[in-house]
Structure formats: structure tokens, C-alpha cells
Amino acid sequence: MRHIISVLMENEPGALSRVVGLFSQRNYNIDSLTVAPTEDQSLSRLTVTTSGDDARIEQITKHLNKIIDVVKLVDLTEGAHIERELMLIKVKAAGAQRAEVKRSVDIFRGQIVDVTSNVFTIQLTGTGDKLDAFITALGDNVVLEVARSGVSGISRGEKTLAL
Amino acid sequence: MDQLSGGEMLIRALHDEGVDIVFGYPGGAVLHIYDAIFNQDKVEHILVRHEQAATHAADGYARSTGKPGVVLVTSGPGATNAVTGIATAYMDSIPMIVISGQVESRMIGTDGFQETDMVGISRPIVKHSFMVQEVKDIPHIIKKAFHIATTGRPGPVVIDIPKDATDPKQKEKYEYPKDLKLRSYAVPDKGHTGQIKKAVDALLLAKRPMIYSGGGAIQDNASEQLINFTQKLGFPITNTLMGLGAYPASNNQFLGMLGMHGTYEANMAMHHCDVLLCVGARFDDRVTNSDTSKFCPDATILHIDIDPASISKTVTADVPIVGAVAAVLEEMNDQIDKSDKEVDKQALKVWWDQIEKWREKDSLKVRPSDNGIIMPQEVVKAVFEITEGDAYVSSDVGQHQMFAAQYYGFDKPRRWINSGGLGTMGFGFPAAMGVQFAFPEAVSVCITGEGSFLMNQQEFATCMQYQLPIKIICLNNQALGMVKQWQDMQYGGRYSHSTYAESLPDFSKLAEAYGHVGIKIEKSDELYPKLEEAFALKDKLVFVDVQVDPNEHVYPMAVKGGAMKDMFLSKTERT
Ligand SMILES: Cc1ncc(C[n+]2csc(CCOP(=O)(O)OP(=O)(O)O)c2C)c(N)n1
Ligand SMILES: [Mg+2]
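Residues numbered from 1 in each chain as written. Chains lettered and ligands numbered in written order. Predicted model: local features only at pLDDT ≥ 70, side-chain atom pairs only at ≥ 80, totals over all residues. Heavy atoms only, no water.

Draft legend 1. Examining the overall build of chain B more closely. Helix and strand counts for chain B stand at 21 helices and 22 strands. For chain B, whose C-alpha radius of gyration is 24 Å, the value lies close to the compact-globule estimate of 25 Å for 575 residues. Overall, the C-alpha framework of chain B stretches about 75 × 60 × 40 Å when taken along its three principal axes. Within chain B, contacts between residues separated by at least 24 positions form 76% of all contacts whose residues are at least 6 apart in sequence. Accessible area of chain B: about 22500 Å², with a carbon and sulfur share of 50%. (Helix = DSSP H or I, 4+ residues; strand = E, 2+ residues; numbered from the N terminus. Rg over C-alpha atoms; globule rule 2.2 N^0.38 Å. Contact = heavy atoms within 4.5 Å. Areas by Shrake-Rupley, 256 points an atom, 1.4 Å probe, with all protein chains shown as cover.)

Pasting the structure below:
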């Protein structure tokens, strides 16, 4: 099963490589990874999506917790949560195509953020599934380039991942 | 407050941390540090002849004393040579601090002379690592490094120091921190009382209980608690290769080592038990045999470990207890004393009757030899008798290691010094040096094989320099015996690159070339007298080259892919 694990870690050199290294060293897979400092400059928040059965996910969280730089973590998929990913996508948009692409962008509540006579650059946020669906909806031979941020997430309600 | 350079700070901080000995080897990136060593007399530095040996010596020191071992190496090749020793310590959870020099900060990333990304290379085999950025951080980093290396599940910590951070011209205020706050590192101590109660209840209901204890019991100095616990309950106990000595081998409740080369009775009792208490061990594949679905099929599994990640990693625990072994056992002892339930004595008697039957098989019986050929097992038995079972015994990896583990009955913890997890040939001799430095008056024996010994033989020179009277007992079977045994059993006796009889050195002469004593033993009637002669040379290093039966195998041996009850008992007998 797919899991989204958010990790609060020391904003120290080497911390990221220890987390990433753990995944390759123990043969766990990384589907996506995002990392950036938090409002507290001494902490970074890293979000990784991975998959495996319960035993595997338990090992992953235990081993992550063992990393000295890791302060706290949460498996967001264990509870209600909000998941978002940002995609910037460049698509062919010439002639009759332009209106059709624009329609798809509106349906998916995206924004066209840059335009040339032949190309639209679109920004879209949502769950990974929604972004996948948008790419499918555009059809073949339209997509020129895709940049996805990787999944970021936060739990619903009053639960927080903080010190 | 003193003004010190980074190099001076480092040595002063080691002293403030209680370190009296460092094993190392100099080079360009650490010359400032070596100069700081020269100018003081509080921390002794031991010059080894290869950085790998420095790590194993520090490791032997750590295993025998329980204190962290400290290593100092230069950048590049010095650091990479230390890698095997760091991995060895990591796999066996040994507290160790490795200080490696690094090129100057401004040179990092330029492929400078002797530059290696040590933090990167060692990342998967350390508990943690530090790269010193500024001189003033050094005391704090040392404090943190020792705390991390020695607490919780211990392990090696690397501190990489760029040369400019030790520059004698740059002096900073030195103060060794008293306390330490690490918000991201907490050490579990006591176990959860409710979980402990569940475990105690299960143990008191058991009909066929079994205790399986490992290196964790030794690391946490929990022998006393383990002995109390085991004897209070009257249960059978086995130790892993890493756990030997935590429970006295001479006690009747001890069934011997378990696992791939464990005794028949230990492995049978494991397989048939209904409640298994694992104390500080990790269900390693050399214990469980590769297919864990066949492991202890009837058992409720209770697992005490300080590392939550060790629990339910390979074998699912029914009652996990995260905590320090000694504290958990102590609470178990208390709860048992207070419990209104009692051990099922009747069931236990039936269980012990069964175990005694297994014991009668005498799976460690030594096959008599012909024509005065020496059996390797007899050598270990003789060493045991001559040293009255009271030596520190280090070993390497191979058949000789298993014979040492099987036939030297360890009654005390921290006496058996052995690379269990990584299985590092070349470990034994330098580890015996570390032991001898820690206990100058004790008998430090290295039971080795000629193959393993050749991997760190250069340490003969270190032993001469520091006058270390180690006794090296080489079970010379003129082959990579353990490899050959597998080739006999699984590859139709095709000895691909496991024999080299014609090119072995004359080991006695080799020892003599370094100024040591060499003794060669070829016939069984010489075994006792010559070994006695060797051990009588109290202040000399003696290399005893014992020519043993080259065709002997280690038994019992687990049947590949089987359950623990599936063993070869000899070349012709299988369970
Ligand atoms: C550094 C290293 N390389 C290879 C091995 C694989 N290996 C395990 S046992 C063994 C043979 C050891 O020979 P020897 O030291 O003579 O011991 P014996 O088995 O003959 O008693 C080898 C090559 C190892 N454990 N360590
Ligand atoms: Mg050999």
C-alpha cells in the first residue's frame, strides 16, 4: 500500500543524505520526495511517498526514527490528511488545440501561467492521482515537459507534526 | 578558560571524556593532531601498522572493557582502510569513535590529494557521523559523539576533521560541555510494565520454555540479571555467538550455542519450545536459518531489545518489549517474585527430560583421530584447560572460530571477542591487542586460522613495539577451511581457490623474524606439553602453529533452508 511519511529533521548538512541513503541501503522504494526548511529555521520537513505491506512500513518508520537527525515523523496515510502536489507542465497549443487545452485546464482548475504562440505552460495542484488524470486527459503527443514537485501533506484537524 | 587549537582541543576533549588510549596511524591531514599528541601525556597513542588493525584493536578494547574504543586515522587511504573495522563494529553494535582527518575545507570537493568523502563512504555503517565545520564546535561534537556511540544500541561514530580545523595557529576558548541536549535522540531505558507483565504471564504458563540471549545482554552488562532470572525459573537457556559468556557455560541449564553450528540440544529445544524469550538478540539468519517461516513453529515469541527496529524485523514478536536488557530483566524478576502464579514444575520436568535425551546425543563429541593427527577441537579444549577457562579469547572467521565458540566454555561476559555480524577475517589478532592493552596482566589468546591470520599479520610489529605477550593459537588446516567445508557439502568437493598448502609461510620463523617466539605442533602427543610451554612464556608473544586435520568439518551444521531442528551431525548423519 502507498504511504506518505512526513519527517521533521534537523536542518543539518548530511541529514537528507542519511534519509535517502536509508531507503537505498535497505531496499525500500521512494516514489516521491520533497524537502524544505520549516518556519523554524533549525528544522526541515521531508515528505516521502513509499509503498509496502504493514511490516515493511513499520520497519521504514522505525529505521527513520533511528536516524539521529530525525526529530519526529508521522505516517499521514494512517489518518485523515490533505495531500497536494504541484505540477508545471508545458503542452503544445497551436490553432484549434488552444481552446481544447484551455477547457481541460479549466475542468481541472489549473492555471495557464505562460503562453507563446505554440505553447501553454500550465500550473496544477492536487493529489498525485489528479495530476496523472490531467496528463491522461490531454491525450497523446501534447505534453512537452513535466515538472512535478513530489507529494507534500499535512494531517487534517488539530493534529500537528511539530516540536 | 584555556585557549587551544583544534588539534589540542580534540585530545583534551578525549581526556575529559575519560579516554586513555587511542589506536591510530598518522598522515598529512592529521599531522596537527599528532603534534598535539606529542605535546601531552594524558592520552596514550598506539601506533598500529594498518588502519584496519587500529579499528579492530579499538574494537577488542571496547568489547572487553565495555568502554568505547577510539581510532585516529588520516584522510583518504587512512580513512578507507578503517572502513572494514567500522563496519565490523557497526554490525555487532560496538561503541567506537573514529576520528578521520580530511583535506582543508577550501579543498573539499576538488579531488584534492588524499581526499575521500569519509562521511559519505561510512554513512551506511555508522550510528552517526560529524563533519567539523568550525574549531569552536569540537568539544561539543566530541561530547555528542561519545554520548551517541555509547548509549542505546551502541555503535561507531565517525568524526571527520578538515586539516584547517586543527591548525595550531588558530586558538579558541576551550570548555568541555557538562550536559548535552539532543532533541532528536532519546534512549529507551526501562521497558513498558504492561508488556513486561504480558511476557511474565506467558513465561509462567509455558510448558516448554526457552531463553535465547544475545550480544545485547553483554552490551548492557546484564549477566547478573540474566543468571538470576534463568535460575529462578529453572528454564533452559542458549546463547548466540555474540552472547557467549553472558550465561555461564558450565551451568547445567546452559544448552550451548544455538544456530548454524549450535548444539543439537539447543537447536532442538528452540524448535520445539512453546514460549521463546529472546533477550537482546536479533533473530539473525545464522540463528533462524534462512526460511523464517519454519522457525520455532509452536512458540509465542517474547522479544526484549533496546532497538525497536530489531523487533519484528525478521521474526514477528508476539510480545515486544523495547528497553535496556538489564532493567527489563530486573523488572521481570520482581514481577515473578510478586506473582501469585508459579512455574508449571511438572511440565518443566517433562521438558527437561526431553532436553536431557537430546543432550545425550553429545553433538560436540570429538571424533578420535588416527596416526597422531591433531583434531582442531582438541586444541581448543587444551587451551581451555591450560588457561583454566579464564582467558580473553579473540577469534577470526572460519572453522577455527566455530571450534573456539563451541569448545571454549565461557563463564564470564566480555571474554569472547569475535566478529559475529560481519564475519571479518583478520579481526582476531588486532582485537587481541586491544584486549591486552586494556588488561595487561590477563591472558589474551587469539584462536585463529592461517588464512585469517595472514590478513593482519603486520601487527607482529606493533606487538613487538609495545611488548604485548599475546598467545596466538593457529589452527592450521592449510586451507580456507570453512570455504572448503561448503565446497565439500554443496559443490561436490570442487576446491575452487580454497587451498594453498604449498605457499604457506613457516609461521614460527615469521614470528621469530619479528622477535617473537614461534612454536610448531604436529603430533597429538606434543599438543599439551608444547601449549603449556607457550603459555608459560608469560611476557612473550608466542605464535603456536598447530597442524590440524585438514579434512575436519564443523558440526552440527544447519541444513540449508531447513528448520532449526534440521542439522547435519557428522559427514554421514542428519537429523
Ligand atoms: C575478509 C573476509 N574475506 C572472506 C571471507 C569469507 N571466508 C569465511 S571463512 C573463510 C576461510 C577462513 O580460513 P581460515 O582463516 O584459515 O580459517 P579455517 O576455516 O580454515 O579455520 C573465508 C575465506 C571472510 N569471512 N572475511
Ligand atoms: Mg585454515
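Draft legend 2. Representation of the layout of surface pockets in the model. The calculated volume of the second largest pocket comes to roughly 1000 Å³. Lining the second largest pocket are 36 residues, and of these K62(A), H63(A), K66(A), I67(A) and D307(B) lie nearest its centre. Counting only elements with at least two residues in the lining of the second largest pocket, the list comes to α1 (15-25), α2 (54-66) and β4 (70-75) of chain A together with α4 (77-91) of chain B. Taken together, the residues of the lining of the second largest pocket break down into 17 nonpolar, 8 polar and 11 charged. (1 Å grid on protein atoms, 1.4 Å probe; cavity = no way out; pocket = protein on both sides within 12 Å on 5 of 7 lines; lining within 4 Å. Points joined across faces, edges and corners; volume = space filled by probe spheres on them. Nonpolar A, V, L, I, M, F, W, Y, C, P; charged D, E, K, R; others polar.)

Draft legend 3. Expanded view of the interface of chain B and chain A. Listed as interface residues are 18 residues of chain B and, on the opposing side, 21 residues of chain A. Summed over both partners, the interface of chain B with chain A comes to about 1500 Å²; 47% of that surface belongs to carbon and sulfur atoms. Interface area lost by chain B to chain A is led by R123(B), R183(B) and S184(B), which between them contribute 42%. Applying the counting rule to chain B against chain A returns 2 salt bridges. Residue E10(A) pairs with R183(B) through a salt bridge whose shortest N-O separation is 2.8 Å. Scanning the region where chain B abuts chain A turns up 9 residue pairs in polar contact (both at pLDDT 80 or more). Of the residues belonging to the side of chain B that touches chain A, the class tally is 7 nonpolar, 5 polar and 6 charged. (Buried area = accessible area lost by both parts, 1.4 Å probe. Salt bridge = Lys/Arg side-chain N within 4 Å of Asp/Glu carboxyl O. Polar contact = N/O pair within 3.5 Å; in protein donor to acceptor, adjacent residues only side chain to side chain.)

Draft legend 4. Layout of the pattern of salt bridges. Residue and element names in this part refer to chain B. Considering all chains together, one arrives at 33 salt bridges over all chains under this definition. A salt bridge links D2 to R12, with the nearest nitrogen and oxygen atoms 3.1 Å apart. You can see D2 sitting in strand β1 (residues 2-5) and its partner R12 sitting in helix α1 (residues 6-16), a full 10 residues away along the chain. A relative accessible area of 37% places D2 in the partly exposed class. (Buried < 20%, exposed > 50% of the residue type's maximum accessible area, 1.4 Å probe, protein only.)

Draft legend 5. Examining the sheet that holds strand β14 (residues 319-322) of chain B more closely. All names here are of chain B. Strand order in the open sheet formed by 6 strands is β11-β10-β9-β12-β13-β14, with parallel pairing between adjacent strands. Looking at which strands have only one partner, the edges of the open sheet turn out to be β11 (254-257) and β14. Sheet twist, expressed as the mean angle between neighbouring strand axes with direction ignored, is 15 degrees. The pairing of strand β9 (residues 209-213) with strand β10 (residues 237-239) spans 3 bridges and is parallel. Bridged to I211 within β10 is I237. Packing of helix α10 (residues 264-272) onto the sheet brings it into contact with β9, β10, β11 and β12 (275-279), and relative to β11 it is tilted by some 105 degrees. (Pairing = 2+ DSSP bridges. Axes fitted to C-alpha atoms, helices over the stretch in contact; angles between N-to-C directions.)

Draft legend 6. Geometry of the UniProt feature "domain: ACT" (unreviewed entry) in chain A. Feature annotation in UniProt places "domain: ACT" (unreviewed entry) on residues 4-78 of chain A, given in this structure's numbering. A distance of 9 Å separates the end C-alpha atoms of residues 4-78 of chain A, which is 32% helix and 37% strand. (UniProt positions renumbered as here; feature names shortened; annotations may be inferred.)

Draft legend 7. Expanded view of the coordination of the magnesium ion (ligand 2). Residue and element names in this part refer to chain B. Surrounding the magnesium ion (ligand 2) are the protein donor atoms E450 (OE), E450 (OE), N477 (OD1) and A479 (O), at 2.1 to 2.6 Å. Relative to the metal, the 6 donor atoms surrounding the magnesium ion (ligand 2) lie at angles of 51 to 179 degrees, and the coordination shape comes out irregular. Each donor residue of the magnesium ion (ligand 2) lies on one chain, and together they are spaced E-x26-N-x1-A. A479 gets classed as buried once you look at its relative accessible area, which sits at 5%. (Donors = N, O, S within 2.8 Å, 3.2 Å for Na, K, Ca; no water. Tetrahedral: all angles 85-135°; square planar, octahedral: opposite > 155°, others 65-115°.)

Draft legend 8. Spatial organisation of the domain arrangement of chain A. Residue and element names in this part refer to chain A. Each domain of chain A was delimited in the assignment, giving domain 1 (1-78) and domain 2 (80-152). One C-alpha centre belongs to domain 1, the other to domain 2; they are set 28 Å apart. Counting residues at the interface gives 9 residues for domain 1 and 6 residues for domain 2. Buried area between domain 1 and domain 2, summed over both chains or domains, comes out near 610 Å², and the portion from carbon and sulfur atoms is 56%. Here domain 1 and domain 2 share 1 salt bridge between them. Residue E83 pairs with R2 through a salt bridge whose shortest N-O separation is 2.7 Å. The tally of links between domain 1 and domain 2 comes to 3 residue pairs in polar contact (both at pLDDT 80 or more). With 3 residues, the single largest contributor to the side of domain 1 that touches domain 2 is strand β2 (residues 32-37). (Domains from an automatic or database assignment.)

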